[in-house]
Structure formats: structure tokens, C-alpha cells
Amino acid sequence: MFWRYLMKIYLLVTFVMVFCFSASAQGNVSVESQRDTYLYLLQQAKQLHREYRFAEAIAVCESIINSRIAASDILDSAKLQIAVCENSRNLVHYMFSPKIVGKQKVALDDFITYYDSFKNGYFAPRAKSMLLDADNGKEHDLSMVFYPDQNSKNADVIYFSSYGKYGESGLDIYKIHRINDAIWSEPELLESTVNTHFDEIYPYISEDGKTLYFASNGHYGMGGFDLFKCVRDEKTGTWKQAENLGFPLSSPFDDFLYIPDNDNAYACFASTRNCDYKNIFVYKTEITINPDYKSVDDYKQLQQIAALDISVENENNDNDDKVDVNIEGLQNNEDYKQMLKAIRYYSNKFNETQKLLDDLRNKIIDTENTEYQNIEKQILDKETELFEMLSVVSELSIYISKSEYDFITKGIQPALDDNLKSIVNIELPAKKEIQNKEETFGKKISDNVRQSPNIEMTTPSLTERDMFGFKITENVIIADDYVLPDDLIYRIQVISVPADKKVEPDFFNYCSPVTSELYKNVRRYYVGLFKKQTDAENAMLQLKALGFKDILISAWNNKEAITLREAKNIESKKTILAAEPSKKTETIVNKTYRIVIGPVDEKAPVVQLIIKYASGKDISKIINPDKKIVYNVGNFTTFEQAVDLRDKLIANEIADVNINEITINN
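Residues numbered from 1 in each chain as written. Predicted model: local features only at pLDDT ≥ 70, side-chain atom pairs only at ≥ 80, totals over all residues. Heavy atoms only, no water.

K.L.:
Which parts of the structure should I look at to understand the sheet that holds strand E20 (residues 514–519)?
P.N.:
The strands making up a sheet associate through hydrogen bonds between their backbones, and the pairing can be parallel or antiparallel. The six strands are arranged E17-E20-E21-E18-E22-E23 in an open sheet whose pairing can be described as mixed. What marks the edges here is a single partner per strand, and that holds for strand E17 (478–479) and strand E23 (560–562). Sheet topology note: the strand E18 (residues 488–498)/strand E21 (residues 522–530) ladder contains seven bridges and is antiparallel. For Ile 495, the partnering residue across the bridge sits in E21 and is Tyr 525. In the packing of helix H11 (residues 533–545) onto the sheet, contacts are made with E18, E21 and strand E22 (552–557), and the angle to E18 comes to roughly 35°. (Pairing = 2+ DSSP bridges. Helix = DSSP H or I, 4+ residues; strand = E, 2+ residues; numbered from the N terminus. Contact = heavy atoms within 4.5 Å. Axes fitted to C-alpha atoms, helices over the stretch in contact; angles between N-to-C directions.)

K.L.:
Teacher, can you tell me more about helix H3 (residues 54–67) here?
P.N.:
The periodicity of an α-helix, 3.6 residues per turn, causes residues three or four places apart in sequence to face the same way. Taking 1.5 Å per residue as the helical rise, H3 with its 14 residues ought to reach 20 Å, and the 20 Å between its terminal C-alpha atoms agrees with that figure. Counting buried positions along H3 gives ten out of 14 residues, so the element sits mostly inside the fold. Every buried residue of H3 is accounted for by Phe 54, Glu 56, Ala 57, Ile 58, Ala 59, Val 60, Cys 61, Ser 63, Ile 64 and Ser 67. Positioned one or two residues after H3, Arg 68 has a phi angle of 65°, which is positive. (Expected span 1.5 Å × (residues − 1). Buried < 20%, exposed > 50% of the residue type's maximum accessible area, 1.4 Å probe, protein only.)

K.L.:
Explanation requested: the sheet that holds strand E4 (residues 157–162) in the structure shown.
P.N.:
With antiparallel pairing, three strands are arranged side by side in an open sheet as E4-E5-E7. The sheet is open, and its two borders are formed by E4 and strand E7 (188–189), each paired with just one other strand. The pairing of E4 with strand E5 (residues 172–177) spans six bridges and is classified as antiparallel. Counted as the bridge partner of Tyr 159 is Lys 175 from E5.

K.L.:
Mind showing me how you'd approach the side chain of Arg 523 here?
P.N.:
Along the chain, the position of Arg 523 falls in strand E21. Accessibility expressed as a relative area gives 12% for Arg 523, which makes it buried. Polar side-chain contacts of Arg 523 include one of 2.9 Å to the side chain of Ser 516. Not counting the four nearest positions on each side in its chain, Arg 523 is found in contact with Asp 480, Asp 481, Ile 495, Ser 496, Val 497, Pro 498, Ala 499, Ser 516, Glu 517 and Leu 518. (Polar contact = N/O pair within 3.5 Å; in protein donor to acceptor, adjacent residues only side chain to side chain.)

K.L.:
I keep staring at the packing of aromatic side chains and nothing clicks. Help me out?
P.N.:
Within a pair of aromatic rings, the relevant descriptors are the distance that separates the centres and the angle that separates the planes. In this structure the tally under the stated criterion is 27 aromatic pairs. Taking 4.2 Å as the distance between ring centres and 5° as the angle between the ring planes, the aromatic pair formed by Tyr 94 and Tyr 293 counts as stacked. Of the two residues, Tyr 94 sits in the loop between helix H4 (72–92) and strand E1 (99–107) while Tyr 293 sits in the loop between strand E14 (279–286) and helix H5 (299–306), which places them 199 residues apart along the sequence. In this structure Tyr 94 comes out as exposed when scored by relative accessible area, which is 54%. Looking at Tyr 293, the relative accessible area reads 40%, which means it is partly exposed. Consider the rings of Tyr 213 and Tyr 258, whose centres lie 5.2 Å apart with planes at 40°: the pair is tilted. In this pair, Tyr 213 is assigned in strand E9 (residues 211–216) and Tyr 258 in strand E12 (residues 255–260), connecting sequence segments 45 residues apart. Tyr 213 sits in the buried class, given a relative accessible area of 9%. Classification of Tyr 258 as buried rests on a relative accessible area of 10%. An aromatic cluster of three or more residues is present, and its members are Phe 111, Tyr 115, Phe 118, Phe 123, Phe 146, Tyr 202, Tyr 204 and Phe 256. Residue placement shows Arg 491 over the ring face of Trp 556; its charged tip is 4.3 Å from the ring centre. (Phe/Tyr/Trp six-rings, centres within 6.5 Å; stacked < 30°, edge-to-face > 60°. Lys NZ or Arg CZ within 6 Å of the ring centre and 35° of its normal.)

K.L.:
Is there a simple way to explain the nonpolar core in this structure?
P.N.:
Grouped together as the largest cluster of nonpolar side chains are 37 residues, with contacts concentrated most on Phe 111, Tyr 115, Phe 256, Leu 257 and Tyr 258. Every element with two or more residues in this core is listed here: E1, strand E8 (200–205), E9, E12, strand E13 (266–271) and E14. Contact partners of Phe 256, with chain neighbours within four places excluded, come to Phe 111, Tyr 115, Ile 201, Tyr 202, Ala 215, Leu 227, Phe 269, Ala 270, Thr 272 and Ile 280. Of all hydrophobic cores here, the second largest spans 33 residues; its members include Leu 39, Ile 82, Ala 306 and Ile 622. (Core = buried A, V, L, I, M, F, W, Y, C linked by side-chain atoms within 4.5 Å.)

K.L.:
Would you explain the pattern of salt bridges in this entry?
P.N.:
When the charged atoms of two side chains lie near each other, side chains of opposite charge can form a pair. Tallying each qualifying case throughout the model produces 24 salt bridges. Between Lys 284 and Asp 116 there is a salt bridge; the shortest N-O distance is 2.9 Å. Of this pair, Lys 284 sits in strand E14 while Asp 116 sits in the loop between E1 and strand E2 (121–124), and the two are 168 residues apart along the sequence. You'll find Lys 284 and Asp 116 in the same group, each marked buried. Measuring nitrogen to oxygen at the nearest pair gives 2.9 Å for the salt bridge that ties Asp 156 to Arg 178. In this pair, Asp 156 is assigned in the loop between strand E3 (145–148) and E4 and Arg 178 in the loop between E5 and strand E6 (183–184), connecting sequence segments 22 residues apart. Residue classification places Asp 156 among the partly exposed residues on the basis of a relative accessible area of 45%. Each of the salt bridges in this network shares a partner with another, and the network as a whole consists of Glu 51, Arg 53 and Glu 56. (Salt bridge = Lys/Arg side-chain N within 4 Å of Asp/Glu carboxyl O.)

K.L.:
Please explain the pairing of E14 as it appears in this structure.
P.N.:
Across the eight residues that make up E14, a large majority, seven, are buried. One ladder, built from eight bridges, connects E1 with E14; its direction is antiparallel. Paired with Lys 105 across the two strands is Phe 281, which belongs to E14. Sheet topology places E13 next to E14; six bridges connect them, and they run antiparallel. Within E14, the residue paired with Ala 267 across the bridge is Thr 285.

K.L.:
Just to check I follow, could you spell out the packing of H3 against H4 for this structure?
P.N.:
Describing two packed helices takes the angle between their axes plus the distance from one axis to the other. Running from N to C, H3 and H4 cross one another at 160°; their axes reach a closest spacing of 9 Å. As the angle between them shows, H3 and H4 are arranged roughly antiparallel. The handedness of the crossing between H3 and H4 is left-handed. Contact residues: Phe 54, Ala 55, Ala 57, Ile 58, Cys 61, Glu 62, Ile 64 and Ile 65 in H3; Ile 74, Leu 75, Ala 78, Lys 79, Gln 81, Ile 82, Cys 85, Glu 86, Ser 88, Arg 89 and Val 92 in H4. When grouped by side-chain class, the residues that make up the contact of H3 with H4 number 13 nonpolar, two polar and four charged. (Parallel < 35°, antiparallel > 145°, perpendicular 65-115°, else oblique. Left-handed = near helix turned anticlockwise from the far one by under 90°. Nonpolar A, V, L, I, M, F, W, Y, C, P; charged D, E, K, R; others polar.)

K.L.:
Sorry, what's going on with the pairing of E13 here?
P.N.:
Each regular strand displays side chains that alternate between the two surfaces of the sheet. Burial of E13 is extensive: six of the six residues sit out of reach of the surface. The two faces of E13 match: Tyr 266, Cys 268 and Ala 270 on one face and Ala 267, Phe 269 and Ser 271 on the other face are all buried. Between the antiparallel neighbours E12 and E13 lie five residues, among them Asn 264 with a positive phi of about 55°.

Purely spatial values, then, with no claim about function.
Written out as C-alpha cells, the structure reads:
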């Protein structure tokens, strides 16, 4: 196995060195061909990572970095891939083996309906009123929202993912609070312990409101979306640092929507591992309070663990009542087997109670004085339970040891005395997974997903960034009696009316922002706020083209009206002062985007689709040793153009499509 690994790395490195030597020696290999080669190697590294062959993936990325001729964006991608592989390697060194009691491959479009039924709410599409500015046009990226029932403990708060107002940090998690029966608060962005500059999706709050579960591709993880949880700090009310739920629940693929039941006994989650882009696996796992962690390095063993096959011991409920009798001659002694079952039961219960006691002791440190006595009483009760169970386990252990000694030395079969019968003849708890598995999990539950409820939020507060500029948009901002900032600004006055009259929003023909002020008995309306007179002049030309007449530009400095000549002089002085300190030559940064497709089968209609949807774009290809083809398409001047082609290719069943950003410094 090891020599194969070395040979693979040797061949990859040799391939890069030979290619680079040929390029420099012959001078006839284009920059695009070099780029295609490194993009192909990056794809190989990503594939090795998905196969849990982390060391090999790192070696491929290091060969790209050591070549010293790869483009900067490719070098950055290689370094990022190394970091993800290192994270993955660390996580598999601290992993556990969950008990999977259900596994179902379903269509991605309605996978939520295959979860166990939700007792405290339901999922539904985002209510239209909850769409923030940057969400418009990107509704397909927004995950379903969990809406709590009226009788839920969390009935007055909703968590959801959104691009926010400006869409600058990907999808983040927001929350809204119920103000009354009809109105909810404006969205509140959760803290940086939850959100990153990448994407956070599918938030779910536990029934007690103390734990937030979500998926993220920005926190410390294995690549793709990993499963995370944040615990609420009860003293400050904020969320503590996000914790990865760990391998194998998280994987190099996309894992999301982890939902534990209210008893914290089982959880369901979804994963794209071992699936094409149209399907997904939904899993049901038993929640282990104190799992046994171990370290695994062998990639084949990791692949087997990551498959999350249903645990054999959970498929046969009879195993729960069986005990291993290692002493010949006692296999049929029912009293002896009952004693072994009892001591196992009390030992497990002792460990569970000890864990609860530890949690209470940690909780009391951060607890307010009003709750202190209540938690202190719970601690005393649990300590009493522990003492009683310890006494029972000790008594049983002594009796079992004596019974085994009497049987081995004297041939006396063990028998329960009257004092132990009340302890040993307990009713052991029945396992729940088989009943749940047979009755609910894996069967479609239509009530899990419903229609969006009516949600009305308060108008979000306006920031300076919202107000400045001029745009034509459906969401017109109208701010009456707007307080001007302490600076030089320009506005375009479009109409004046008596103070007792109102101008309807339709009058402004979707132009935004609109501000107004009351001057004596007249209300004046303005469109746009500008920091430069030239910007106001350009906007005025657009307004005239839209049919506005008798409009004029007004200027203010420190909230006082001034003439346009005075404003121009102030603006000129500011321009001179701003230019004096900066005599350095600025670097102009331009960005373009390219799409990498594959590896795909040579029969895939990739070229035809590219010609259909992106006619005129350059197309290059490289054929790998497996006769698979990697296509490179570009350049795209905007990210939106690249996304449009990517989505159309995926819709035509071309699954492996990625967008690369190219930075050009001038």
C-alpha cells in the first residue's frame, strides 16, 4: 500500500516537472494550458481528499506550490486545500463510531419530509417579508426555515439564513423576535462565534433554546458544509464558539440540518456523501452522551466508517437482553444472568447520572443567584442517587463474585436471596430505535413541510450606506423628516406640496432613496443623496428621462443649506486635501472568473452546452490518464455571469462544475 502511495506522488510530481520544463524549453505552451494542468492537479487533490487520502492530497498541493510558476489564485487554492486536509486529519484523530439506526437515500428536493416528525414546529419556504435586500434573485440558495409552533418554548424567535442587506459575507444566520401577534422585529445578525465570511445554513434551535445547530463551510471543518452547534452562555445571553460535531457526522462532503429529538436520544441529519447531485442520504443516529473517541489513519477504514451503515446490533432487539456468560456451566442459570443484566444496567445509569451531575456543577458557576438554590438542590439529589447506585453496584459485585467462587470450588449454582430480588428484578428500559425506525423513519411525512406563514417585520433601520446614492428598485426607501449628516451632501428636489397633503410612493417611479423635510407650511421631497455634485447631475439626467420636470439640485453642509457654488468650492478643497498625502502609485486590482468542468466522460455534451449558453467564450480541455476530460471556460467579467453558466450546466446534469477567481494586478 505504501509503495503505491509513493509511486502516485512520484508520478504526479514528475508530471508537473516535465510539463514545466517542456513549457520553458519549447516556449510553445500557452499560459492557459499551464493553468489547465494545475487546475487538473487541484481537482485530483480534491478527489483524494474526498477519498480520505489526506497525505496524498497534501503532497499534490505541495507539488503545485513548489513549482513556483502556478498563478496566484491557484496557489491560494492549493494552500486552502492543504489547510482543509490538515483539519480533516486532526478531526479523524478524535472520532467516534455513532450508532446509525436508520439510513434512507431520497430526492434532494424534499429530503426534510423523510425526517422523523417534528414535535415543536415545521419547515416552510422563507416568507417573502423575510427576504432581505441581497436575497432578491438568490432565493434558490436560501434554505428552508424552521417555524416554531405556538406552544413551543421558542415560539417567539425564528432563526434563518440570509445574504443580509449587502451580501458581502455569504449566507449568515439571523433571528427575529415576536413583538406581538402580528409583528416581528427587524432581523438581528448573530455574533461571529456563529457566523463567518463564508456560508452558514439550516439553523435549528433545540427545544430548550440553549443549543443552536447549523451547517457551515467557514468554521474549522473537513471541507464542504460541516455540522456545528453553539451553546448559549446563560450569563451573557450570547452564543459560545461553534463546535464541530466531529467525524463521521461531518465529512468532506456537504452535511447539514442536524436535528435532535426533544429527549436528546436520537438525531436526524442529511449528507451528500456517496450521492449524485439529485439525491441525498438522510440518517438517524443514536445520541451517545459519552462516546468512546479513537484515532484512525487508514483511508479504507475511514471510508468504511464514513459510509454510516446501520449498526448491526440495532437491527436485532434481542441483543439488548443478552449477556455474555463466560463461565462454563452457568449459561442457563437465569438468576445469574439476571444479576449480570442488573449490574450492567446500574453501571450505565451511574455513568449517565455522573455526566448530568458534572453538567450541573459546571452550570452553577455561571448561574445567577435567583437560580442558584434550584440547581444546588438538583446537585444534591443527583449526588444522593449516585451514592445509592454505588451501594447497589458494590453489593451486586460482591454477591456475584461470591456466587462464582462457590460454583467453581463447590459446584453450587448461583441463586438470588430475598434481599437481592427487589434490586435485581428491575424492568430494564426497552430500546426505542426499532419502534421509531419501523413506524416513522424512512417514511414520507408531508406535515414536516408546510406553507409559509404570514410574517410581518418592522421596517429595518436605515444606515448611511442605505441612504446614499441613487437607484431604481422595487424596494423604495422613503424617509420623512430625514436628519442630514454633518457633511457636504447634495439632493435632487422633485416636488413641493402643502404640508397637509401626501405624495403617494408611486409618484417616485421606483426611484430611491426618497427623503423629505417640512419647511414652514410646505413639505419638500428629494430623490437621492450624493457626496459629489457630478453624481447628482448624472442622477438628475436619469430623473428627467423618467419624466420628472422642474427638478433642481440642492446642497447642504453640516445640515445648513448652501449654494451650489459654495458646495463646489468646499468639494474642491476636500479633493485637494485628500490628494496631498497620497503620492504613492495605487495598484489597480481586476478580477475575472473561469469555470472548470470535470473530470467528465468524453461523451458528455459539455462543448455543445457551452456554445449554447456562453457563445464566444474560450474553451480548453485536458485529457487525464482515465480518458476523462477537464474543460476550462472563460473569461467572465462578473461572478454572476460565471454562476449563470454553472447553474445551467448543473441543470443539464453536468455535476462537477467549479468557479475560479483570477486576480490581475495592474
